[in-house]
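Tertiary structure, described
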Amino acid sequence: SQRLMAFMRTTEQVMDTVVVLANPTAEVVREMVTVPDDRILGYTLFRDEFDGEELRVLGATICIEVKPKTVRVLSMQNEDNPSGAQYKRIYGHW
């Protein structure tokens, strides 16, 4: 990220992945943020834990807007469809 403070929390289970983005500036920041975890599959759904907005990982990136002086906490969501089932098939768990 160029203007956001960002980190990602991971565990041995991919479903526990959380991406945290903080905007310390006084301006709205719109960025394409890389999600550097090769276990995360394309089109995976993430949800903001504060406002419920849903975002998808496309090409290992998330396009996101972060308001001034705020934090976004994005967690992976289990989908009851082929997109969600792919994690169980590949990793043996969702």
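Look up: the structure comes first, before these words.
Below or above, wherever it landed, is the structure these notes cover. Keep in mind that this is a model prediction, so the values were computed, not measured.

1. What about the pairing of strand S7 (residues 70-76)?
- For S7, a buried count of five out of seven residues is recorded, marking the element as mostly surrounded by other parts of the structure.
- Relative to S7, strand S2 (residues 18-23) runs antiparallel, the two being bridged by six bridges. Directly across from Asn23, in S7, lies its bridge partner Thr70.
- Two strands pair when backbone bridges link them, and strand S4 (residues 45-48) and S7 are joined in this way by three bridges, in the antiparallel orientation. Across the sheet, Asp48 pairs through a bridge with Leu74, a residue of S7.

2. Here we look at the nonpolar core
- Among the nonpolar cores identified, the biggest contains 18 residues, and Leu21, Ile40, Phe46, Ile62, Ile64 and Leu74 are the most heavily contacted of them.
- For this core, the elements supplying multiple residues, two or more each, are S2, strand S3 (29-34), strand S6 (61-66) and S7.
- Broken down by element, the residue count for this core peaks at three residues, all from S6.
- Each residue touching Leu21, except ones within four places of it in the same chain, is listed here: Leu4, Met5, Ala6, Val33, Ile64, Val66, Thr70, Val71, Arg72 and Leu74.

3. Describing the sheet that holds S2
- Overall, antiparallel pairing links the five strands, which are arranged S1-S2-S7-S4-S5 in an open sheet. Whereas interior strands pair on both sides, the edge strands pair on one side only; in this sheet they are strand S1 (5-9) and strand S5 (54-56). For this sheet the average axis-to-axis angle between neighbouring strands, irrespective of direction, equals 25°.
- Sheet topology note: the S1/S2 ladder contains five bridges and is antiparallel. From the neighbouring strand, Met5 faces S2, where its bridge partner is Ala22.

What counts, and where the lines are drawn
- Sequence order as written defines the numbering, with residues in each chain counted from 1.
- Local features in this predicted model are restricted to residues of pLDDT 70 or higher, and side-chain atom pairs are both shown and tallied only at a pLDDT of 80 or more, whereas totals for entire chains, interfaces and linings draw on every residue.
- Water and hydrogen atoms play no part in the side-chain values, which are based on all heavy atoms of the structure.
- A simple rule labels every residue: compare its accessible area, found with a 1.4 Å probe on the protein chains alone, to the largest value its type can have, and call it buried under 20%, exposed over 50%, or partly exposed in between.
- Numbering of helices and strands starts at the N terminus; helices are DSSP runs of H or I of at least 4 residues and strands are runs of E of at least 2.
- Should DSSP find at least two bridges between two strands, the strands are taken to pair.
- Side-chain atoms within 4.5 Å are what join buried Ala, Val, Leu, Ile, Met, Phe, Trp, Tyr and Cys residues into a set we call a nonpolar core.
- In what follows, a contact means two residues having at least one pair of non-hydrogen atoms within 4.5 Å.
- Axis lines are fitted through C-alpha atoms, for helices just across the contact stretch, and the angle between N-to-C directions can take any value from 0 to 180 degrees.

Honestly, that's just the spatial picture; any functional story needs more than this.
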